[in-house]
Amino acid sequence: MVQVLGSIINVSDNFKYVYFNSEAEHVMNRRAKDILGKTDFDLFPDQTWASEIRNKDLKAIAEGRLSEYAVNYKDPSGRIRIVNALRTRVQSKNEVYLVAMLWDITEQHNNELELIKARESDRLKTNFLANVSHEIRTPLNAIIGFASIVGDAHDEFERNYYMNIINENSNQLLKLIDDIIDLSSLEVDKFEFKMRSVELKDICRSVYNMFSQKTKPEVSFIFDNNILPSVFLYTDPKRLHQVLSNLIDNAVKFTIKGNIRFGYEIQSEENTDKQFVRIYVEDTGIGIDKNYNHVLFDRFFKADNFTQGFGLGLPIAKKLTEEMGGELKFTSEIGCGSKFWIKIPILSNS
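Residues numbered from 1 in each chain as written. Predicted model: local features only at pLDDT ≥ 70, side-chain atom pairs only at ≥ 80, totals over all residues. Heavy atoms only, no water.

Draft legend 1. Examining the overall build of the protein chain more closely. Assigned secondary structure in the protein chain consists of nine helices and twelve strands. Within the span of the protein chain, comprising 350 residues, buried residues form 41% of the whole. By sequence separation, contacts in the protein chain at least 24 residues apart represent 59% of the contacts at least 6 residues apart. (Helix = DSSP H or I, 4+ residues; strand = E, 2+ residues; numbered from the N terminus. Buried < 20%, exposed > 50% of the residue type's maximum accessible area, 1.4 Å probe, protein only. Contact = heavy atoms within 4.5 Å.)

Next up, the structure:
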């Protein structure tokens, strides 16, 4: 139910209130007897806000009428309400009055926002289900298809070839399911982090070893191991390993030739003594059009219909990094490769 707040101000008597209805009493949490005979500067502790109201009153007086829609209105206790407002100048004999009516639409406004959020949530769920069903079908079809013909293979080489395809797609399907579970857990805040002090170089070396044999023959995987300083982070080593793996997995996926470079460096915040570590994954892959920067971390983002999507790796990496107190950023240029990096403060567990 929309509440209409009504009040009348005697402009000729220093803008003092001469009328204040019951709805205004209820919303403003003030009784009329405490309002009448006072000005906004008497009522509002925030004098800046009182000045803003006075300026609107003066504009309404000058123009004869002032209408506003869905504007913020702060009551004397500091609560923000959403209102439609109408101010009208009234001349009575030698005195000028300002009649103000405010329709409190806060509840209606909040309901509309909730409805918009619900619709957006339904749209995202529908898109997610459509995308995930496609991502699941692709490896599943490969598994079923090659499993049906592996028994008819004429020699061991052919059989091993089919089995490698089945294993590769099985691992892809398993990773997708794990990613879906992780993303669901992150979104409902049921993801557990086991923070402890760890040597960053050990984590990076483990990630490098995992991917060193997975790059294409024309791609060099460079790990800046010899120049990396020793640094300890207070973090979840398993989740940090997962973030770096997701970033490198995408670099491997989209780099056909050239190199992928992986490492980290210690930097300092400007004008402070705080330090952070910047872990980077840089590639010479296909790059990303800058028009897609704002949607890159969406689920199953695809730049076109001819390349693989990024899957869930990037949104999971971004969420995990932020949950561990860091930032994930990137720069990219179409045809010139990409550089992703995570920035994590160097903290102790004390």
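Still to come is the rest of the account.
Draft legend 2. Region of the structure containing helix H8 (residues 237–254). Compared with the 26 Å implied by 1.5 Å per residue over 18 residues, the 26 Å span of H8 between its first and last C-alpha is a close match. For H8, the tally of buried residues reaches 15 of 18 residues, placing the bulk of the element in the interior. Capping the start of H8, Asp236 holds a side-chain oxygen 3.1 Å from the backbone nitrogen of Lys238, two or three residues further along. (Expected span 1.5 Å × (residues − 1). Polar contact = N/O pair within 3.5 Å; in protein donor to acceptor, adjacent residues only side chain to side chain.)

Draft legend 3. Just the pattern of salt bridges, in detail. Enumeration over the complete set of coordinates arrives at eleven salt bridges. Taking the shortest distance from any N to any O, the salt bridge between Glu322 and Lys318 comes out at 3.1 Å. Placement of both Glu322 and Lys318 in helix H9 (residues 313–323) is noted, with a separation of four residues, approximately one turn of the helix. Overall, the relative accessible area of 41% leaves Glu322 in the partly exposed class. Two residues, Glu323 and Lys319, come together in a salt bridge whose shortest N-O distance is 3.6 Å. Of this pair, Glu323 and Lys319 both sit in helix H9, four residues apart, which is roughly one turn of the helix. The class for Lys319 is partly exposed, based on a relative accessible area of 28%. Salt bridges here are not isolated pairs; linked through shared partners, they connect Lys56, Asp57, Glu68 and Arg87. (Salt bridge = Lys/Arg side-chain N within 4 Å of Asp/Glu carboxyl O.)

Draft legend 4. Summary view of the packing of aromatic side chains. Considering all chains together, one arrives at seven aromatic pairs under this definition. Ring plane angle 45 degrees and centroid distance 5.5 Å describe the contact between Phe146 and Tyr162, whose orientation is recorded as tilted. With a gap of 16 residues between them, Phe146 in helix H5 (residues 106–149) and Tyr162 in helix H6 (residues 156–187) connect regions that are remote in the sequence. Phe146 gets classed as partly exposed once you look at its relative accessible area, which sits at 24%. For Tyr162, a relative accessible area of 13% translates into the label buried. Taking the centre distance of 5.0 Å and the plane angle of 45 degrees together, the rings of Tyr208 and Phe221 count as tilted. One end of the pair, Tyr208, is in helix H7 (residues 200–211); the other, Phe221, is in strand S7 (residues 219–223), and 13 residues separate them in sequence. The class for Tyr208 is partly exposed, based on a relative accessible area of 22%. An aromatic cluster is present here, built from Tyr208, Phe221, Phe223 and Phe262 joined pairwise through their rings. Positioned above the aromatic ring of Tyr280, the side-chain terminus of Lys339 is 5.3 Å from the ring centre. (Phe/Tyr/Trp six-rings, centres within 6.5 Å; stacked < 30°, edge-to-face > 60°. Lys NZ or Arg CZ within 6 Å of the ring centre and 35° of its normal.)

Draft legend 5. Fine view of the environment of Ile53. Checked against the element boundaries, Ile53 lands in helix H4 (residues 47–63). Apart from residues lying up to four places away in sequence, Ile53 is in contact with Asp40, Phe44, Tyr73 and Arg87.

Draft legend 6. Focus on empty space enclosed by the protein. Scanning all chains against the criterion turns up two cavities of 30 Å³ or more. Taken as a whole, the largest cavity holds about 170 Å³ of empty space. Of the residues contributing to the lining of the largest cavity, the split by class is eleven nonpolar, two polar and three charged. Taken as a whole, the second largest cavity holds about 60 Å³ of empty space. When residues of the lining of the second largest cavity are traced back to their parent elements, those giving at least two are H4, strand S3 (65–74) and strand S4 (80–92). The element contributing the most residues to the lining of the second largest cavity is S3, with four residues. Looking at side-chain class alone, the lining of the second largest cavity contains seven nonpolar, one polar and three charged residues. (1 Å grid on protein atoms, 1.4 Å probe; cavity = no way out; pocket = protein on both sides within 12 Å on 5 of 7 lines; lining within 4 Å. Points joined across faces, edges and corners; volume = space filled by probe spheres on them. Nonpolar A, V, L, I, M, F, W, Y, C, P; charged D, E, K, R; others polar.)

Draft legend 7. Layout of unusual backbone geometry. At Asn14, a residue that is not glycine, the phi angle is positive and equals roughly 60 degrees. One non-glycine residue, Phe15, adopts positive backbone phi at about 60 degrees. With respect to the secondary-structure elements, Phe15 resides in the loop between strand S1 (3–10) and strand S2 (16–20).

Draft legend 8. The packing of H8 against H9, seen in detail. Put simply, H8 and H9 touch, their axes get as near as 9 Å, and they point 145 degrees apart. In this structure, the crossing between H8 and H9 has a hand that is left-handed. Every residue of H9 that contacts H8 at Arg239, Gln242, Val243, Asn246, Leu247 and Asn250 is listed here: Gly313, Leu314, Ile316, Ala317, Leu320 and Thr321. When the residues that make up the contact of H8 with H9 are grouped by side-chain class, the tally is six nonpolar, five polar and one charged. (Axes fitted to C-alpha atoms, helices over the stretch in contact; angles between N-to-C directions. Left-handed = near helix turned anticlockwise from the far one by under 90°.)

Nothing here speaks to function; it is geometry throughout.
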